Amino acid sequence: MGTTVLLVDDHELIRQGLARAFERDEDMTVVGQAGSLQEGVAAWESLRPDVVVTDLQLPDGHGLDVVRAIRATSDTTGVVVLTMHAGDDHIFAAMEAGASAFVGKDTRAAEVVSAAKHAAVAPRTFLCAGLSQAVMRRATSPAPPKLSGREAEVLSLLADGLGTGEIAGSLYMSESTAKTHITHIYQKLGAANRAQALVTAMRMGLLDHASPQRF
């Protein structure tokens, strides 16, 4: 059967279009469809697919509530969020909720399938597809800050979900030194915490993925 997929969107035409796109990939199988938050959560609980693709706006709630319901009991299910909204706040919220990927609805269906494949193999990392370039290339975006080589290494490990102690061990430094590097990264990115730092780094093109597992 390959990777199993559940589609959650209140627009039947969108669900059908996505289903056809997934059916064209022999490694992906759509095992269910739902048109609301309540139906989506119920379908996930009964079907337990490998990946859930959900719209951000649902008639009886928010797509991120689907993400949160899944993450309450599963770290291994991939969750792809579809949206017409490309704002940083939406990306930040999806990352915090535990989504695996964030995809614009104007993106080609093939990219949604690719995001679902990513979500299946790396459910606790975060990928922006389709809309990420528009976000990162804004004319109003400031030039990215200059990170030292060591700070870039620390940022990459933060994006992989490592804690301070794990970063220190991986880079053969003391925990206090790792904390200092993290503090400097936050200062350069104008961030108050890990989540803000990673979203800002992604927006500036310093990262192309991030793991929300330790937020």
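Because the structure is a prediction, the values reported are computed rather than measured.

S.K.: In this structure, what is going on with helix H1 (residues 12-23)? I would like to understand it.
M.R.: Every α-helix winds through 3.6 residues per turn, so residues three or four apart in the chain are directed the same way. In this model H1 runs 16 Å from its N-terminal to its C-terminal C-alpha over 12 residues, within 8% of the 16 Å that 1.5 Å per residue would give. Residues Arg15, Leu18, Ala19, Ala21 and Phe22 constitute the buried set of H1. Along the axis of H1, the buried residues cluster in a sector spanning 160°; they form a single face. Exposed residues on H1 whose side chains face more than 90 degrees from its buried face are Leu13 and Glu23. Along its buried surface, H1 packs onto strand S1 (3-8), strand S2 (28-34), strand S3 (51-55), strand S6 (78-83) and helix H5 (109-121).

S.K.: Explain the pairing of strand S7 (residues 101-104) here, please?
M.R.: It is a general feature of regular strands that their side chains alternate between the two faces of the sheet. Here S7 shows no split at all, with Ala101 and Val103 on one side and Phe102 and Gly104 on the other all buried. Two elements, S6 and S7, share four bridges in a ladder whose sense is parallel. Opposite Leu82, over in S7, you have Val103 as the bridge partner.

S.K.: Honestly, the UniProt feature "modified residue: 4-aspartylphosphate" (unreviewed entry) in the chain in this entry has me stumped. Any pointers?
M.R.: Following the UniProt record, the feature "modified residue: 4-aspartylphosphate" (unreviewed entry) maps to Asp55 here. By the element assignment, Asp55 lies in strand S3. Take Asp55: its relative accessible area is 5%, and that puts it in the buried class. Not counting the four nearest positions on each side in its chain, Asp55 is found in contact with Val8, Asp9, Asp10, Gly63, Leu82, Thr83 and Lys105.

S.K.: How should I be thinking about the pattern of salt bridges in this particular structure?
M.R.: Pairs can form between side chains of opposite charge once their charged atoms are near each other. On inspection of all chains with the given rule, the structure shows six salt bridges. The salt bridge involving Asp25 is made with Lys117; its shortest N-O contact spans 2.5 Å. Of this pair, Asp25 sits in the loop between H1 and S2 while Lys117 sits in helix H5, placing them 92 residues apart in sequence. Residue classification places Asp25 among the buried residues on the basis of a relative accessible area of 16%. Here Asp75 makes a salt bridge to Arg124, at a shortest N to O gap of 3.7 Å. A residue pair is termed long-range when its members are at least 10 positions apart, and Asp75 in the loop between helix H3 (63-71) and S6 and Arg124 in the loop between H5 and strand S8 (126-129) qualify at 49 residues. Residue classification places Arg124 among the buried residues on the basis of a relative accessible area of 16%.

S.K.: Is there a simple way to explain the environment of Val8 in this structure?
M.R.: Its location among the elements puts Val8 in strand S1. Residues Val8 and Leu56, spaced 48 residues apart in sequence, show a C-alpha to C-alpha distance of 9.4 Å. Excluding residues that lie within four positions of it along the chain, Val8 makes contacts with Ala34, Ser36, Gly40, Val52, Val53, Thr54, Asp55 and Leu58.

S.K.: I tried to follow the environment of Ile70 on my own but got confused; where do I start?
M.R.: One can find Ile70 in helix H3. Among the residues examined, Ile70 registers a relative accessible area of 1% and is labelled buried. Here the alpha-carbon distance between Ile70 and Val52, two residues 18 residues apart in the chain, equals 9.1 Å. In this view, Ile70 contacts Trp44, Val52, Thr77 and Val79; residues no more than four positions away in its chain are not counted.

S.K.: How should I be thinking about the packing of helix H7 (residues 149-159) against helix H10 (residues 194-203) in this particular structure?
M.R.: Orientation of H7 relative to H10, taken along the N-to-C sense of each, is 110°, at an axis distance of 10 Å. Considered as vectors, H7 and H10 are oriented roughly perpendicular to each other. Residues Leu155, Leu158 and Ala159 of H7 form the contact with H10, whose own contacting residues are Arg194, Leu198 and Ala201. In terms of residue class, the contact of H7 with H10 is built from five nonpolar, no polar and one charged.

Reading the values: rules and limits
Residues numbered from 1 in each chain as written. Predicted model: local features only at pLDDT ≥ 70, side-chain atom pairs only at ≥ 80, totals over all residues. Heavy atoms only, no water. Helix = DSSP H or I, 4+ residues; strand = E, 2+ residues; numbered from the N terminus. Expected span 1.5 Å × (residues − 1). Buried < 20%, exposed > 50% of the residue type's maximum accessible area, 1.4 Å probe, protein only. Arc of directions from axis to C-beta. Contact = heavy atoms within 4.5 Å. Pairing = 2+ DSSP bridges. UniProt positions renumbered as here; feature names shortened; annotations may be inferred. Salt bridge = Lys/Arg side-chain N within 4 Å of Asp/Glu carboxyl O. Axes fitted to C-alpha atoms, helices over the stretch in contact; angles between N-to-C directions. Parallel < 35°, antiparallel > 145°, perpendicular 65-115°, else oblique. Nonpolar A, V, L, I, M, F, W, Y, C, P; charged D, E, K, R; others polar.

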